[in-house]
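Listed below are the residues making up each chain.
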Amino acid sequence: MNVFIWIEQHHGAANTASWEALGAARQLANELGGQLVALIFGDKVADLATQAIQHGADKAIVADDPTLQAFRLQPYAALLVQLLQSHAPHAVIFSASNTGLELSAYVAAKLGVGLAADCIGMAVESGKMMMTRPALVGNLVATVTFNGAAPHLISLRPRVFPMPTTDSSRNGEISAVQVKLSEADITTKIERMEEAAINEVSLTDARIIVSGGRGLGGPENFPLVKALADTLGGALGASRAVVDAGWIPYKHQVGQTGKTVQPDLYIACGISGAIQHLAGMKTSKIIVAINKDPEAPIFKYARYGIVGDVNQYVPALTAEFKQRLGQ
Amino acid sequence: MSDITHHLSLITYMNIVVLVKQTPDTAKLSARLDGLQLSADGGARIVNPWDEYAIEEGLLLQSKYQGKVTALCVGKAEADEALKRAVAMGVNEAILVSDAALSNGDSLATARALAAAIRKIGAVDLIIAGRSSIDGNNAATAVQVAALLNFNLLTYVTKIEGIDLATKTMRAIRAIEAGRETVSSHLPTVISVVKEINSPRYPNFMNIKKAAKAVIPVWSLKDLGLSAAEVTPQVTWSLTLPPGRTAQVELISGSPAEAAKILVDKLMAEKVI
Ligand SMILES: Cc1cc2nc3c(=O)[nH]c(=O)nc-3n(C[C@H](O)[C@H](O)[C@H](O)COP(=O)(O)OP(=O)(O)OC[C@H]3O[C@@H](n4cnc5c(N)ncnc54)[C@H](O)[C@@H]3O)c2cc1C
Ligand SMILES: Nc1ncnc2c1ncn2[C@@H]1O[C@H](COP(=O)(O)O)[C@@H](O)[C@H]1O
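Here the structure is a predicted model, which means the values were calculated and not measured.

Caption draft 1: Structural detail: the overall build of chain B. Counting its regular elements, chain B contains eight helices and 13 strands. By the burial criterion, 51% of the 273 residues in chain B qualify as buried. Taking the contacts inside chain B whose residues are at least 6 apart along the sequence as the reference set, 70% of them involve residues at least 24 apart. When the accessible surface of chain B is summed, it comes to about 12,300 Å², and 55% of that surface belongs to carbon and sulfur atoms.

Here's what the structure looks like:
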């Protein structure tokens, strides 16, 4: 029972979450007694095949073509469907990035097979895969099992599964596969791409997030939160209340209608901890809350708390970190 | 002349379907969590918050290009409340797909029912969905509808730059991890929208009255020409309560400088910095 892992790449670099997913897929393949095969689609991405093997794959299949340079559903899905039909693996693993969620759902529908999206746990019990994932804004845990035909498609939430170690002495077979569609067959065209700022840490990948809420009092105080985030090399987050108030753009929103994040450290500054905010961050490894109200629900989820004024305590923290980190 | 105007009105007419799910109201959920008495299907229900943006976008496009907006929902009988909300916002038609065989449906079963309903509605140009549902949160259903209908798909749309009904093309901006992508696509296309795209309107008095009187048609699987076997779920979800939180917060007191020093010590010791 072989396991396939789809490696997501951007400009020829794999995203970290794909390697995490590969680590989990390696374990799954071991438990199912099968091989782990990495699928790599892109333009000039041969390098990634070697990297996939060094991260733990047994084999790699590479589709290298200019039509695959940036992700587009049509050519990627056509290739994937063909590969899954001809190789019939038991399971296919994706990282639950926007792209991974989309490709896995689309291909599951094309093949008429089951999908477990955004999973945070994976186990095999007497040969049966049991996936866990949060349900109902994190208020419940769902165990997802597959009833139908293989392949079973699974996406894994970023930053939940550990990064596998690499072994540069590992060898594996690398094979090439031809694309299914030519440019003329593809009916979506990317006309322009405005890349995210290079020095901006993305919320979903961040190890450290510092978030601000209405407790800051006004947009003029948001730089205090940003200064702490920058000092820690972390990403900047926000509650919906301040996004709606226009203090900070939507892309920073954490929560049910924003991003789901899972950093090692989440510092909530002047955020009450509404259920919809918690839904996006409560599985962070360590939560620190700074809030003047000792009854604020965020303290129920925090490991460390300071009851006090954010506009005093946040700058003090920034200053202390700066000193300790030698900045 | 009348021929030409007739022709023009044909090509500027858009048939839009908005996918609307009814979900639990998470704002009411917190109270229900006390004593861990949470039932997955009890409690107040609302239009999936993301889908309000989908409805709004349908209405905005309709006023720009002319056409019809139909809200479509797969759900239990009470989901007609969500569709009435869509009518109150201003959609022209609403259809509920309801069948006992769909009650434990996974995203694929739901997508199959939605796709069959869209085929029955007829020549659709654009399908608009929310980015994800707050209960299922698979971000899968609309994607799968596109797969089943062989329509193009643009997810995470933040702006529709334009639609050319003569050439059946559209251009939109998508927010993806790597940045902002401007992309063109042939119609029919399925799009999923994110919050940035618009701000959903509040229903006006006239439409609220209309919604109160509306009788929402209900289509069964039989009406869609589907058998129960075709919507057999491929996955099963079993729900449990998450483990209770045992850890207590450790409160740090002192002046800002004192507390900062203690907290930084602790975080350094936790090795998260
Ligand atoms: C359908 C739906 C979806 C939603 N989605 C999201 C979502 O994705 N993300 C999200 O965040 N919210 C979401 N919300 C909104 C959510 O319910 C809350 O309204 C929001 O999270 C509150 O933001 P806040 O904590 O910044 O503000 P408040 O709840 O107003 O809290 C401010 C906090 O700051 C504290 N404070 C005030 N002054 C100070 C001070 N000087 N120093 C220290 N502390 C201070 C207060 O004690 C209070 O706890 C959603 C709501 C709904 C209904
Ligand atoms: N039962 C349903 N009826 C109508 N539309 C739905 C249904 N379920 C999901 N959708 C649509 O698909 C989107 C994604 O849902 P999900 O895959 O559950 O995250 C939602 O925002 C809706 O627009």
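Caption draft 2: Local environment of the sheet that holds strand β11 (residues 218-219) of chain B. Strand order in the open sheet formed by 10 strands is β13(A)-β9(B)-β8(B)-β7(B)-β10(B)-β6(B)-β1(B)-β4(B)-β5(B)-β11(B), and the pairing between neighbours is mixed. The sheet terminates laterally at β13 (188-195) of chain A together with β11 of chain B, the two strands that pair on one side only. In the sheet, β13(A) pairs with strand β9 (residues 179-186) of chain B via seven bridges, with the strands oriented antiparallel. Note that in β9(B) the partner of Lys189(A) across the bridge is Ser184(B). Across the sheet, helix α5 (residues 107-121) of chain B is in contact with β1 (14-19), β4 (67-74), β5 (93-97), β6 (126-130) and β11 of chain B; its angle to β4(B) comes to roughly 150 degrees.

Caption draft 3: Broad picture of the pattern of salt bridges. Inspection of the entire model under this criterion finds 27 salt bridges over all chains. Ionic pairing is found between Glu183(A) and Lys189(A), a salt bridge with its closest N-O pair at 3.0 Å. Arg303(A) is paired through a salt bridge with Glu270(B); the nearest N and O atoms lie 3.5 Å apart. You can see Arg303(A) sitting in the loop between α8 (298-301) and β18 (304-307) and its partner Glu270(B) sitting in the segment after α8 (256-269), one on each of two chains. Residue Glu270(B) is classed as partly exposed on the basis of its relative accessible area of 29%. Each of Arg159(A), Arg207(A), Asp264(A) and Lys285(A) takes part in one network of salt bridges that share partners.

Caption draft 4: Examining the environment of Ile267(A) more closely. Residue and element names in this part refer to chain A. By secondary structure assignment, the location of Ile267 is in strand β16 (residues 265-269). With relative accessibility at 0%, the residue Ile267 sits in the buried group. Along the chain, Ile267 and Ala24 lie 243 residues apart, while their C-alpha atoms are 28 Å from each other. Ignoring sequence-local partners within four residues, the contact set of Ile267 consists of Ile209, Val210, Ser211, Leu228, Leu232, Val288 and Ile290.

Caption draft 5: The arrangement of the side chain of Asn98(A) in detail. With respect to the helices and strands, the residue Asn98(A) is situated in helix α4 (residues 98-111). If near-sequence neighbours (up to four positions away) are discounted, Asn98(A) is found in contact with Tyr156(B), Ala175(B), Ile176(B) and Glu177(B).

Caption draft 6: Focus on the interface of chain B and chain A. Each partner contributes to the interface: chain B provides 82 residues, whereas chain A provides 80 residues. Regarding the contact of chain B and chain A, the summed buried area is about 7,000 Å², with carbon and sulfur atoms giving 57% of it. The tally of links from chain B across to chain A stands at 30 residue pairs in polar contact (both at pLDDT 80 or more). Broken down by class, the residue content of the side of chain B that touches chain A amounts to 43 nonpolar, 22 polar and 17 charged. As paired strands, β18(A) and strand β13 (residues 250-251) of chain B are joined by two bridges and run parallel to one another. Counted as the bridge partner of Tyr304(A) is Glu250(B) from β13(B).

Caption draft 7: Just the pairing of β16(A), in detail. All names here are of chain A. Counting buried positions along β16 gives five out of five residues, so the element sits mostly inside the fold. Relative to β16, strand β14 (residues 208-212) runs parallel, the two sharing five bridges. In the sheet register, Ser211 faces β16, and the bridge partner there is Ala268. Note that β16 and strand β17 (residues 286-291) share five bridges and pair parallel. Bridge pairing links Ala268 to Ala289 in β17. Regarding the hand of the β-α-β motif, the stretch spanning β16, helix α7 (residues 275-281) and β17 is right-handed.

Caption draft 8: Molecular detail of the site of ligand 1. Not every one of the 25 residues close to ligand 1 is listed here, only the nearest: Ser239(A), Thr257(A), Ser272(A), Gln276(A) and His277(A). Ligand 1 is flanked by residues contributed from chains A and B. A distance of 2.8 Å separates an oxygen atom of ligand 1 from a polar backbone atom of Arg214(A). A distance of 2.7 Å separates an oxygen atom of ligand 1 from a polar side-chain atom of His277(A). In the complex, 80% of the free accessible area of ligand 1, which totals 980 Å², lies under the protein chains. Counting only elements with at least two residues in the shell around ligand 1, the list comes to α6 (240-244) and α7 of chain A.

Caption draft 9: Spatial organisation of the pairing of strand β7 (residues 152-164) of chain B. Residues and elements named next belong to chain B. Direction of pairing for β7 relative to strand β10 (residues 189-193): parallel, over a ladder of four bridges. Looking across to β10, one finds that Val157 is bridged to Val193. In sequence, β7 turns back onto strand β8 (residues 169-176) through a hairpin of four residues, with Lys168 there showing a positive phi of about 55 degrees.

Caption draft 10: Representation of the packing of aromatic side chains within the structure. Applying the stated criterion to the full structure yields five aromatic pairs over all chains. Seen from their ring centres, Trp6(A) and Phe94(A) are 6.2 Å apart, and the 45 degrees between their planes marks the pair as tilted. Linking Trp6(A) in strand β1 (residues 3-7) with Phe94(A) in strand β6 (residues 91-95), this pair joins segments that are 88 residues apart in sequence. Judged on exposure class, the residue Trp6(A) and its partner Phe94(A) are both buried. Feature note: the residues Trp6(A), Phe41(A), Phe71(A), Tyr76(A) and Phe94(A) constitute an aromatic cluster, connected by ring pairs. Over the ring of Trp219(B) we find Lys120(B), and its NZ or CZ is 4.9 Å from the ring centre.

Caption draft 11: Up close: the sheet that holds strand β5 (residues 59-64) of chain A. Residues and elements named next belong to chain A. The seven strands are arranged β7-β11-β6-β1-β4-β5-β12 in an open sheet whose pairing can be described as parallel. Of all the strands in the sheet, the pair left with one neighbour each is β7 (115-119) and β12 (173-176). Sheet twist, expressed as the mean angle between neighbouring strand axes with direction ignored, is 20 degrees. Judged from the six bridges that link them, strand β4 (residues 36-42) and β5 form a sheet pairing that is parallel.

Caption draft 12: Molecular detail of unusual backbone geometry. Residue Ala150(A) is joined to Pro151(A) through a cis peptide bond whose omega torsion reads 0 degrees. The residue Pro151(A) is located in the loop between β10 (140-146) and β11 (152-156) in this model. Geometrically, the link from Leu187(B) to Pro188(B) is a cis peptide bond, its omega value of 0 degrees lying close to zero. Position of Pro188(B) among the secondary structure elements: in the loop between β9 and β10. Phi at Ala88(A) takes a positive value of approximately 40 degrees, unusual for a residue other than glycine. Its place among the elements puts Ala88(A) in the loop between α3 (73-87) and β6.

Cut-off values and rules
All chains use their own residue numbering, which begins from 1 and follows the written sequence. Whichever chain is written first becomes A and whichever ligand is written first becomes 1, with later ones labelled in order. Confidence filtering applies because this is a predicted model: local features only for residues at pLDDT of at least 70, side-chain atom pairs given and counted only at 80 or more, and all residues used for totals across whole chains, interfaces and linings. Derived side-chain values reflect all non-hydrogen atoms in the structure, with water molecules and hydrogen atoms excluded from consideration. Secondary structure counts use DSSP, requiring at least four H or I residues in a row for a helix and at least two E residues in a row for a strand, with both numbered from the N terminus. Each residue is placed in one exposure class: buried if its accessible area under a 1.4 Å probe, protein chains only, is under 20% of its type's maximum, exposed if it is over 50%, and partly exposed if it falls in between. It only takes one pair of heavy atoms within 4.5 Å for two residues to be counted as in contact. All accessibility values rest on the Shrake-Rupley procedure with a 1.4 Å probe; residue burial counts only the protein chains present in the view. Any two strands are treated as partners once DSSP identifies two or more bridges connecting them. As a rule, the C-alpha atoms of each element are fitted with a line to give its axis, helices using only the stretch in contact, and angles between N-to-C directions run from 0 to 180 degrees. Every case where a carboxyl oxygen of Asp or Glu lies within 4 Å of a side-chain nitrogen of Lys or Arg is listed as a salt bridge. Computed with a 1.4 Å rolling probe, the buried area is the accessible surface lost when two parts are put together, summed over both parts. Any pair of nitrogen or oxygen atoms within 3.5 Å is treated as a polar contact; in protein, a donor-acceptor pairing is required on top of that, and neighbouring residues in sequence qualify only through side-chain atoms on both sides. Classes in brief: Ala, Val, Leu, Ile, Met, Phe, Trp, Tyr, Cys and Pro nonpolar; Asp, Glu, Lys and Arg charged; the others, Gly included, polar. By definition, the crossover connecting two strands over a helix is right-handed if that path, from the first strand to the second, turns clockwise as seen with the strands pointing away from the viewer. Only heavy atoms are used to decide nearness, and a residue is near a molecule or strand if one of them lies within 4 Å of it. Here is the rule: rings of Phe, Tyr and Trp (six-membered ring for Trp) pair when centre to centre is within 6.5 Å. Planes less than 30 degrees apart are stacked, more than 60 are edge-to-face, and the remainder are tilted. Counting as a charge over the ring demands two things of the Lys NZ or Arg CZ atom: a distance within 6 Å of the ring centre and an angle within 35 degrees of the ring normal.

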